[in-house]
Amino acid sequence: MSATTQQRPAAGPDAEEFLTQLRTFVGQQATPVRYAQDAVNPAMIRHFVEAMGDENPVYTDETAARSTGRSGIVAPPPMLSSWLMVGYKAHTAAAEHGAPDSPMTRLLNLLGDAGYVGVVATNDEQEYVRELRIGDRLKMTAVIEDVSPRKVTGLGAGHFITTLRTYTDADDQVVARQRFRILRFDPTVTKSSGQPAAADPGLRHRPFVMRDNQFWFDAARERRLVIQTCSDCGQLRHPPGPSCPQCGSFAWHETAAAGRGTVHSYVTSHHPKAPGYDYPLTVLLVDLEEGTRLVADYSGDPETVRVGLPVEVDWLDYGGDVTLPRFRNREEQS
Ligand SMILES: [Zn+2]
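Residues numbered from 1 in each chain as written. Predicted model: local features only at pLDDT ≥ 70, side-chain atom pairs only at ≥ 80, totals over all residues. Heavy atoms only, no water.

**Side note on the coordination of the zinc ion**
Here's step 1: Around the zinc ion, the protein supplies Cys230 (SG), Cys233 (SG), Cys244 (SG) and Cys247 (SG) as donor atoms, at distances of 2.2 to 2.4 Å.
Here's step 2: Geometry at the zinc ion is tetrahedral, judged from its four donor atoms and the angles of 103 to 116° they form at the metal.
Here's step 3: Each donor residue of the zinc ion lies on one chain, and together they are spaced C-x2-C-x10-C-x2-C. Pair noted here: Cys233 is in the loop between β9 (226-230) and β10 (236-237) and Cys244 is in the loop between β10 and β11 (252-256), with a separation of eleven residues, a long-range link. (Donors = N, O, S within 2.8 Å, 3.2 Å for Na, K, Ca; no water. Tetrahedral: all angles 85-135°; square planar, octahedral: opposite > 155°, others 65-115°. Helix = DSSP H or I, 4+ residues; strand = E, 2+ residues; numbered from the N terminus.)

Written out as structure tokens, the structure reads:
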């Protein structure tokens, strides 16, 4: 498939301009200042150490903690980010209504629109300035510290975004710092090629085959496009069904289609990207010469599709036992 892509060029002036645009976010506050919902408290510490299996008594036993020279029990350092978590309600609200507008949201949207749709956390470096004591009220400020040039990784090509999170107490004294790095990547660009890889059709969703439509998929596997035909009144129908919508007869036979038609309508999809498909993905509603309509992929350049375009069948093997029709531009063949 010779689909064009929306990807940013890997090098050259456009790539540099894009990086410059990304780097305007460096130094900006990533998200609004976050305040801990609860002060550092024994209950949350106890749940954490029980879950982690950490039996150090300085986290749970006041006397034991004092015997080490501390003023009382302290929180395990790895709990740092949990004091600032927003909770289930805020998470579900963000999932429903989208993340609130912030420089981080805008930066991620910019990358997502350029095809960098994958995300993975790559580094989490934490520096503890002092231990957290019962009653500490934390505040966290996050600043976008760096956006890397485009790098091709094993996951795909992308940009690393480093955020510096600074944790302070009620007196605005720094208690900890956290450098958090994510990779926002385009999974279609592999390390081996540096170019978008053609998607493997074997990863696509499989069609739902049942008794009423099995003949159609069986024929497709043999690269034959057929149309179900009523044996009583001669009406053609697609998609397949058990009885004739015109006369109600259950008797039917197959009619071979010529495989030619015209585009009745189409849609070109960019996101979200399902595995196994090349994007942009153009899906056609084809008026077959015989009179029925069929939904199928377009194998040509999405730029060339239009309503009324003459097309002809062009089969695609999904691997295994599935072959489905797609359609090519008939004007380009003649
Ligand atoms: Zn009929």
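**A look at the pattern of salt bridges**
Here's step 1: A complete count under the given rule lists 20 salt bridges for this structure.
Here's step 2: Note that Glu127 and Arg177 form a salt bridge whose closest N and O atoms lie 3.1 Å from each other. Of this pair, Glu127 sits in strand β3 (residues 118-128) while Arg177 sits in strand β8 (residues 174-186); the two residues are 50 residues apart in sequence, bridging distant segments of the chain.
Here's step 3: The partner of Arg306 in a salt bridge is Glu331, and the shortest N-O contact between them spans 2.9 Å. Separated by 25 residues along the polypeptide, Arg306 in the loop between β14 (293-298) and β15 (310-317) and Glu331 in the segment after β16 (323-329) bring together distant segments of the chain.
Here's step 4: By relative accessible area, Arg306 is classed as partly exposed at 37%.
Here's step 5: Put simply, Glu312, Asp314, Arg326 and Arg328 are held in one network by salt bridges that share partners. (Salt bridge = Lys/Arg side-chain N within 4 Å of Asp/Glu carboxyl O. Buried < 20%, exposed > 50% of the residue type's maximum accessible area, 1.4 Å probe, protein only.)

**A short note on the domain arrangement of the chain**
Here's step 1: As far as domains go, the chain holds domain 1 (3-40 + 75-186) and domain 2 (201-333).
Here's step 2: Using C-alpha coordinates to define each centre, domain 1 is positioned 45 Å away from domain 2. (Domains from an automatic or database assignment.)

**Comments concerning the packing of aromatic side chains**
Here's step 1: Scanning the entire structure with this criterion turns up three aromatic pairs.
Here's step 2: Ring centres 4.5 Å apart and planes at 40° place the aromatic pair Phe215 and Trp252 in the tilted group. Of the two residues, Phe215 is situated in helix α6 (residues 214-221) and Trp252 in strand β11; the sequence distance between them amounts to 37 residues.
Here's step 3: The ring of Phe180 has Arg165 sitting right over it, with the charged end atom 4.5 Å from the ring centre. (Phe/Tyr/Trp six-rings, centres within 6.5 Å; stacked < 30°, edge-to-face > 60°. Lys NZ or Arg CZ within 6 Å of the ring centre and 35° of its normal.)

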